[in-house]
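# Close look at the chain arrangement
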Amino acid sequence: MIGRFAPTPSGRLHLGNLLCAMLAYLSARSQGGQFLLRIEDVDIPRCPRALAQQAIDDLRCLGFRWDAPPLYQSERSGVYQDALNRLRREGHVYPCFCTRAQLHAADAPNRGDDTPVYGGACARLSAEEIAEKMKTRRPAYRLRVPDETIAVCDRHYGLYQENLARDCGDFILRRSDGLFGYQLAVVVDDALSGVSEIVRGHDILSSTPRQIYLQRLLGFETPEYAHIPLLEDAQGRRLAKRDGDTDLTALAKRFSREEILGMLACSAGLLDENRPATMEELIDTFDWEKVRTEDMRLPLSF
């Protein structure tokens, strides 16, 4: 059994990120499994290496240990390109020349996150039309999706499903600026690292059907998924990197490691009260049945 935590270093880790890391870690270790750390810095301009190192330092400070050196997505473009090339050879991928403005102006439904469902404007371009457009614009590359419902049985939330054609449309695997898309990078890295359990925030649940379809095309096994509620502060506001919420530097000036772990465990439902706890204690008593299914709230204000 192999679990992982995969932060995006576009800002300091906040308590919500640390809670997700803790649940992934406790689940893996309580099953006698391995735990991996992956730095999801595939969007290189937004993810400076200094923030990646800060995330690693924060996790170590709280007692996390991983069983292999951290994996950096920014160093794996060749691996992602190989997967993309395979999908292109098999006819699953096509170039897309649509601009962001065109996508948002199109008369198409939106996903729940206000992302437009791609209408397929470039899906039927001829070879001649593609060659002509290539002269003036570098394309993104999209994956063709079937009119098919893909389902996942989430360990925490149960059945979730989407019709790929209706609910998301053909999605991007590589952007027009050459950076690889989240969906492709995550699927390839999880598979090649042997990850068998993925614990992550509920806000990413809607990505799972797309990832399962990609796994199928690439011949990868589908791991077990457990999506968790998002963490709120004591007033009910969701924590976010852009707000600079409760980073570990500030917290460490007020609380010990055990107090921070206990605070997170209490928020998740693993402890009945807000008290100090060690990682070893939490591993020994971890049970998914205890973990809340509603949004989690910190037990005190900051």
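Residues numbered from 1 in each chain as written. Predicted model: local features only at pLDDT ≥ 70, side-chain atom pairs only at ≥ 80, totals over all residues. Heavy atoms only, no water.

## Quick notes on the packing of helix α7 (residues 182–192) against helix α8 (residues 208–218)
- As a packed pair, α7 and α8 sit with axes 10 Å apart at the nearest point and diverge in direction by 55°. As far as their axial angle goes, α8 and α7 are oblique. The hand of the α7/α8 crossing is right-handed. Two secondary-structure elements touch here, α7 through Y182, Q183, L184, V186, V187 and V188 and α8 through R210, Q211, L214, Q215 and L218.
- By residue class, the composition of the contact of α7 with α8 is seven nonpolar, three polar and one charged. (Axes fitted to C-alpha atoms, helices over the stretch in contact; angles between N-to-C directions. Helix = DSSP H or I, 4+ residues; strand = E, 2+ residues; numbered from the N terminus. Parallel < 35°, antiparallel > 145°, perpendicular 65-115°, else oblique. Left-handed = near helix turned anticlockwise from the far one by under 90°. Contact = heavy atoms within 4.5 Å. Nonpolar A, V, L, I, M, F, W, Y, C, P; charged D, E, K, R; others polar.)

## Quick word on the packing of aromatic side chains
- Taken as a whole and assessed by the stated rule, the structure comprises five aromatic pairs.
- Relative to F35, the ring of Y25 has its centre 4.9 Å away and its plane inclined at 85°; by these criteria the two rings are edge-to-face. Residue Y25 is found in helix α1 (residues 15–30), and its partner F35 is found in strand β2 (residues 34–39); the two are separated by ten residues along the sequence. F35 shares its class with Y25; the two are buried.
- Considering the side-chain rings of F286 and W288, the 5.4 Å spacing of their centres and the 80° angle between planes classify their relative orientation as edge-to-face.
- Accessibility expressed as a relative area gives 12% for W288, which makes it buried.
- Here a set of aromatic residues connected by ring pairs shows up, and it is made of Y25, F35 and F64.
- Positioned over the ring face of Y72 is R49, at 4.0 Å from the centre of the ring.
- Sitting over the ring of Y118, R142 keeps its end group 3.7 Å from the ring centre. (Phe/Tyr/Trp six-rings, centres within 6.5 Å; stacked < 30°, edge-to-face > 60°. Buried < 20%, exposed > 50% of the residue type's maximum accessible area, 1.4 Å probe, protein only. Lys NZ or Arg CZ within 6 Å of the ring centre and 35° of its normal.)

## Side note on the sheet that holds β2
- If you walk across this open sheet you meet the three strands as β1-β2-β3, and the pairing is parallel. The open sheet has two free edges, formed respectively by β1 (2–5) and β3 (71–72), since each of these has just one partner strand.
- Note that β2 and β3 share two bridges and pair parallel. Bridge assignment links I39 to a residue of β3, and that residue is Y72.
- Those strands touched by α7 are β1, β2 and β3, and its axis lies near 150° from that of β2. (Pairing = 2+ DSSP bridges.)

## Things to note about the packing of α1 against helix α10 (residues 257–268)
- Running from N to C, α1 and α10 point in directions that differ by 80°, and their axes come no closer than 10 Å. One element, α1, and the other, α10, form an angle in the roughly perpendicular class. Along its contact with α1, which presents L15, L18, L19, M22 and L23, the element α10 presents I260, L261, M263, L264, A265 and A268.
- Considered class by class, the residues forming the contact of α1 with α10 number eleven nonpolar, no polar and no charged.

## Quick notes on the side chain of T208
- One can find T208 in helix α8.
- Here L205 takes part through its backbone oxygen, which lies 3.0 Å from a polar atom of the side chain of T208.
- Excluding residues within four positions of it along the chain, T208 makes contact with V152, R200, Y225 and H227. (Polar contact = N/O pair within 3.5 Å; in protein donor to acceptor, adjacent residues only side chain to side chain.)

## Some details on the pairing of strand β6 (residues 149–154)
- Going residue by residue along β6, you find I150, V152 and D154 tucked away on one face and T149, A151 and C153 left uncovered on the opposite face.
- For β6 and strand β7 (residues 158–163), the ladder comprises six bridges, and the chain directions are antiparallel. By the bridge assignment, V152 is partnered in β7 with Y160.
- Adjacent in sequence and paired antiparallel, β6 and β7 are bridged by three residues.

## A closer look at the sheet that holds strand β8 (residues 171–174)
- Within the open sheet, the three strands sit side by side as β4-β5-β8. Their pairing is antiparallel. The open sheet has two edge strands with one neighbour each: β4 (93–96) and β8. In this sheet, neighbouring strand axes are inclined to one another by 45° on average, regardless of whether the strands run parallel or antiparallel.
- By the bridge criterion, four bridges tie β4 to strand β5 (residues 140–143) in an arrangement that is antiparallel. In the sheet register, C96 faces β5, and the bridge partner there is A140.
- Across the sheet, helix α3 (residues 77–89) is in contact with β4, β5 and β8; its angle to β8 comes to roughly 125°.

## As for the pattern of salt bridges
- Taken as a whole, this structure holds 19 salt bridges when the rule is applied.
- We note a salt bridge from D58 to R12, for which the minimum N-O separation is 3.1 Å. Of this pair, D58 sits in helix α2 (residues 49–61) while R12 sits in the loop between β1 and α1, and the two are 46 residues apart along the sequence.
- Of the charged contacts, one joins E148 and R216 as a salt bridge, the two residues approaching to 3.1 Å between their closest N and O atoms. Placement of E148 in the loop between β5 and β6 and of R216 in helix α8 is noted, with a sequence separation of 68 residues between them.
- Among the charged side chains, a network of salt bridges with common partners joins R4, R38, E40, R76, D189 and D190. (Salt bridge = Lys/Arg side-chain N within 4 Å of Asp/Glu carboxyl O.)

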